[in-house]
Structure formats: structure tokens, C-alpha cells
Amino acid sequence: MTTKPRLNICVTCTASNADGQTDPRHGQTLYDRMQEFCATRDVPFDLHPVECLTNCKSGCSVALNGAGKWGYVYGNVDPDSMIDDLCELASKYAESEKGIVAWRERPDALRRNVIARIPPLD
């Protein structure tokens, strides 16, 4: 059985335009909304909450990773407007052979949000 790639969502993030910490954190809101969204769909990735991706200056952050695939960190993900786009991106990532989703195939809202690209271990 092949392990599905992961969409990791930082649940401790606060939006970069916030005046201070919020309760719940914006990242937790993003995770909750994404979990609700994915519950009604057959998605090709697993959703995981994580604590602190150390990308605090870039608002809500997520990381995509999978066996034999390049990993990506995205920042400034808006929990109010990017749920569909994030699901689309994670699905395209999961369906790609090496984790590389061409820039033009990424949802418009997330194209410029890449913080890092990490080479695969294997």
C-alpha cells in the first residue's frame, strides 16, 4: 500500500496582518475548515495538523510532502478564501510523480505563496 502525500497545516499560525494572537489561531481555523471540506470528498492526500512551521512572518502556513516527492512550504494562506484552491493544489501535488506542480497549473491564489521547495530524501 502506498502512503498518501500529506498536507500539513500549521495550527499555531496567526495571519500576518493580525494585530496579535487570536483564539482560535488562524491556522487552527484553516485546518478546521480544510478538514470539514475534505470530509465530504475523496481526496488523494492526508491532512495533518502540525505545530509551528517556523514561518511566522508569512501568516498561515502549510507544507506538502510525500515519499519520493519534492516538498513545499506555502505561506499567507487565507482560511476565508483559499480552501478550494488549497485542496486543488494538494490534489495536483498528490497526483504528480515527483511533487512538482507546474507554476501555471497551480491555483492563481497560491502561485506566489511558495516559501521553500525541499528536495526529496529518496
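To be clear, the structure that these remarks concern was listed above.
Worth saying up front: this structure is predicted, and the values here are computed from it rather than measured. (Residues numbered from 1 in each chain as written. Predicted model: local features only at pLDDT ≥ 70, side-chain atom pairs only at ≥ 80, totals over all residues. Heavy atoms only, no water.)

Thoughts on the packing of aromatic side chains
Using the criterion set out here, one finds 2 aromatic pairs in the structure. Ring geometry for Tyr72 and Tyr93: centres 6.4 Å apart, planes at 85°, overall edge-to-face. Residue Tyr72 is found in strand S4 (residues 71–74), and its partner Tyr93 is found in helix H2 (residues 83–95); the two are separated by 21 residues along the sequence. Owing to a relative accessible area of 4%, Tyr72 belongs among the buried residues under this scheme. Using a relative accessible area of 1% as the deciding quantity, one classes Tyr93 as buried. An aromatic cluster of at least three residues, connected via ring pairs, comprises Tyr72, Tyr74 and Tyr93. A cation sits over an aromatic face here: Lys69 above Tyr93, 5.3 Å from the ring centre. The ring centre of Trp70 lies 3.8 Å from the NZ or CZ of Arg117, which sits over that ring. (Phe/Tyr/Trp six-rings, centres within 6.5 Å; stacked < 30°, edge-to-face > 60°. Helix = DSSP H or I, 4+ residues; strand = E, 2+ residues; numbered from the N terminus. Buried < 20%, exposed > 50% of the residue type's maximum accessible area, 1.4 Å probe, protein only. Lys NZ or Arg CZ within 6 Å of the ring centre and 35° of its normal.)

Topic: the state of the cysteines
This structure, assessed with the given rule, holds 0 disulfides. The structure places no disulfide on Cys10, whose sulfur is separated from the nearest cysteine sulfur, that of Cys13, by 3.3 Å. Cys56 forms no disulfide, and the closest cysteine sulfur to it belongs to Cys52, at a distance of 4.5 Å. Residue Cys56 is classed as exposed on the basis of its relative accessible area of 58%. (Disulfide = S-S within 2.5 Å.)

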